[in-house]
Amino acid sequence: MCAVGVKTIEQIERRVRACDYLVVAQIFLQDNFLLERPLEFSDIKPRLLGHWGTCHGINVVYANLRSYFKASPNFSFILGPGHGFPALQANLFVDEELEKVDERATLDKTGISYICRNFSWPDGFPSHASPFTPGVITEGGELGYALANAYGIALGHSEKTIAVLIGDGELETATALDSLNLRNLLTGSQNGRIIPILHLNGYKISAPSIYARKSERELNELLRGFGFTPIWIKGDDPEDFQTALGLEEKDAFYIYKNEKGFGGPNRYHEAHQVPLKNPRTDEEELKSLESWLKSYRFNELFSSEKGFLL
Ligand SMILES: Cc1ncc(C[n+]2csc(CCOP(=O)(O)OP(=O)(O)O)c2C)c(N)n1
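Bear in mind that the values here come from a model prediction, so they are computed numbers and not experimental data.

Caption draft 1: Seen up close, the overall build of the protein. Helix and strand content of the protein: 12 helices and nine strands. Against the globule reference of 19 Å for 310 residues, the protein gives a C-alpha radius of gyration of 19 Å, in line with a compact fold. Once the C-alpha set of the protein is aligned to its principal axes, its extents read approximately 55 × 40 × 40 Å. Within the protein, contacts between residues separated by at least 24 positions form 73% of all contacts whose residues are at least 6 apart in sequence.

What follows is the structure in structure tokens.
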């Protein structure tokens, strides 16, 4: 068991808020990225394209893993659901990994403006993970390979630990489901450790996922059948997450249950893509976007003078 300090919990919460803000800003804003004045129609991108729904969950997982495993060279994170790209981009930006490959992504106001304006923008970043993303070598969009890749990295590398976030929709693919069997092939001490995390946010795109329709008991029995020990993390409390990681259970399979779109103006099936359709023309939607952005209190997490305070 790990005793989780108050400071650690606060750091994780702050990082999640910062990355959630950056996700929303990337999807919607073409100007006024720090909300230095009231939001106007002209601050909104003319064409909104991206995926919000899965992003908060990714930010929670990323922040907790980062806090627990630090920046160890023997630790890797594999992200299954490619739709969560703005969350991946936000985390790579905050960790200054993006700046290593793109000198315009500086960890300051200019860099924030750069990543936000250029997300889903002509000649900018695509709306999904691509070879411009540090750590990504292919561009595809075919779900299902996250867990198999994690086992591949672990093969013959006992020094490695690989955490892998598998979407509940992704686990419906034959590839992902059959990859659960790889546990049996990598039992030897010469292989690394896999930390599978199922992102049970309930929806595959906008329809309920099969795994969300299973009872807790059914899901537990399924995973036990594959030789795993299911460990549930319900909701976003960093203390619960850190405690679950601290169990250091050898064959743990984490089930992180959260609400798709949590923190946004709508949840579940409505949250998958862009949850506000017309903030560039509809006054009410513009206000809703502004209060959504303000809910993260980004001014407590970043200032132009001091940079990030995470
Ligand atoms: C093999 C394959 N089948 C279908 C798709 C289309 N697709 C893209 S995202 C997605 C849903 C993914 O669901 P989940 O993993 O739960 O991610 P989230 O809903 O959290 O975004 C589907 C079916 C795909 N990309 N690859």
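There's plenty left to go through after this.
Caption draft 2: Structural detail: the sheet that holds strand β1 (residues 75-79). The strand order β1-β2-β3-β7-β6 describes an open sheet built from five strands, whose pairing is parallel. Bordering the open sheet on either side are β1 and β6 (229-234), each of which pairs with just one other strand. The mean inter-strand angle of the sheet, taken between neighbouring strand axes irrespective of direction, is 20°. In this structure, strand β3 (residues 193-200) lies alongside strand β7 (residues 252-257), joined through four bridges in parallel fashion.

Caption draft 3: Quick look at the site of the ligand. Close to the ligand lie 19 residues, the nearest being Thr54, Pro81, Gly167, Gly169 and Glu170. Partitioned by chemical class, the residues of the shell around the ligand number four nonpolar, 11 polar and four charged.

Caption draft 4: Structural view of the pairing of strand β2 (residues 161-167). Among the seven residues that make up β2, six are buried, leaving the element largely enclosed by the rest of the structure. As defined by bridge partners, β1 adjoins β2 across five bridges and the pair is classed as parallel. When the sheet's bridge partners are listed, Ile78 is paired in β2 with Val164. Sheet analysis places β2 next to β3, joined by seven bridges and oriented parallel. If you follow Ile162 over to β3, its bridge partner there is Ile194.

Caption draft 5: Region of interest: the environment of Gly261. Structurally, Gly261 is set in the loop between β7 and α12 (283-294). In this structure the C-alpha to C-alpha distance between Gly261 and His56, which are 205 residues apart in sequence, comes to 6.8 Å. If sequence neighbours within four positions are ignored, Gly261 has contacts with Trp52, Gly53, Asn266, Arg267, Tyr268, Ala271 and Pro275.

Caption draft 6: Spatial organisation of the packing of helix α2 (residues 55-69) against helix α3 (residues 85-94). Running from N to C, α2 and α3 point in directions that differ by 35°, and their axes come no closer than 8 Å. The crossing of α2 and α3 is right-handed. Where α2 approaches α3, its residues Cys55, Ile58, Asn59 and Tyr62 are matched on the opposing element by Pro86, Ala87, Leu88, Ala90 and Asn91. Looking at the contact of α2 with α3, its residues break down into seven nonpolar, two polar and no charged.

Caption draft 7: Representation of the packing of helix α1 (residues 6-28) against α2 in the model. It is at 9 Å that the axes of α1 and α2 come closest, and there the two elements cross at 145°. In this structure, α1 meets α2 at a crossing whose hand is right-handed. Residue-level inspection shows Thr8, Gln11, Ile12, Arg15, Val16, Cys19, Asp20 and Val23 of α1 in contact with α2, the latter providing Cys55, His56, Asn59, Val60, Ala63, Asn64 and Ser67. Taken together, the residues that form the contact of α1 with α2 break down as seven nonpolar, six polar and two charged.

Caption draft 8: Structural context of the environment of Pro238. As for its position among the elements, Pro238 is in helix α11 (residues 238-246). By the C-beta count within 10 Å, which is 21 here, Pro238 ends up buried. Leave out the neighbours within four places in its chain, and Pro238 touches Ile9, Ile12, Glu13 and Asn64.

Caption draft 9: Structural detail: the pairing of β3. The buried count for β3 comes to eight of eight residues, which makes it a mostly enclosed element. Alternating positions in β3 separate into two faces, Arg193, Ile195, Ile197 and His199 on one and Ile194, Pro196, Leu198 and Leu200 on the other, with burial throughout.

Caption draft 10: Representation of the nonpolar core. Val23, Ala25, Ala150, Val164, Ile166, Ile197 and Tyr254 are the most contacted members of the largest nonpolar core, which has 81 residues in total. Among the elements that line this core, the one with the most residues is α1, at 11 residues. Contact partners of Ala150, with chain neighbours within four places excluded, come to Ile78, Ile162, Val164 and Ile194.

Caption draft 11: Inspection of unusual backbone geometry at higher detail. Located in the positive-phi region is Ile205, a residue other than glycine, with phi close to 55°. Tracing the sequence through the fold places Ile205 in the loop between β4 (203-204) and β5 (207-208). For Ile205, a count of 14 C-beta atoms within 10 Å puts it in the partly exposed group. A positive phi angle, close to 45°, is found at Arg297, a residue other than glycine. For Arg297, the location among the structural elements is in the loop between α12 and β8 (302-303).

Scoring rules and cut-offs
- Residues numbered from 1 in each chain as written.
- Predicted model: local features only at pLDDT ≥ 70, side-chain atom pairs only at ≥ 80, totals over all residues.
- Helix = DSSP H or I, 4+ residues; strand = E, 2+ residues; numbered from the N terminus.
- Rg over C-alpha atoms; globule rule 2.2 N^0.38 Å.
- Contact = placed C-beta atoms within 7 Å.
- Pairing = 2+ DSSP bridges.
- Axes fitted to C-alpha atoms, helices over the stretch in contact; angles between N-to-C directions.
- Near = placed C-beta within 6 Å.
- Nonpolar A, V, L, I, M, F, W, Y, C, P; charged D, E, K, R; others polar.
- Buried ≥ 20, exposed ≤ 12 C-beta atoms within 10 Å, placed from the backbone.
- Left-handed = near helix turned anticlockwise from the far one by under 90°.
- Core = buried A, V, L, I, M, F, W, Y, C linked by C-beta atoms within 7 Å.

By themselves, these figures tell us nothing about what the structure is for.
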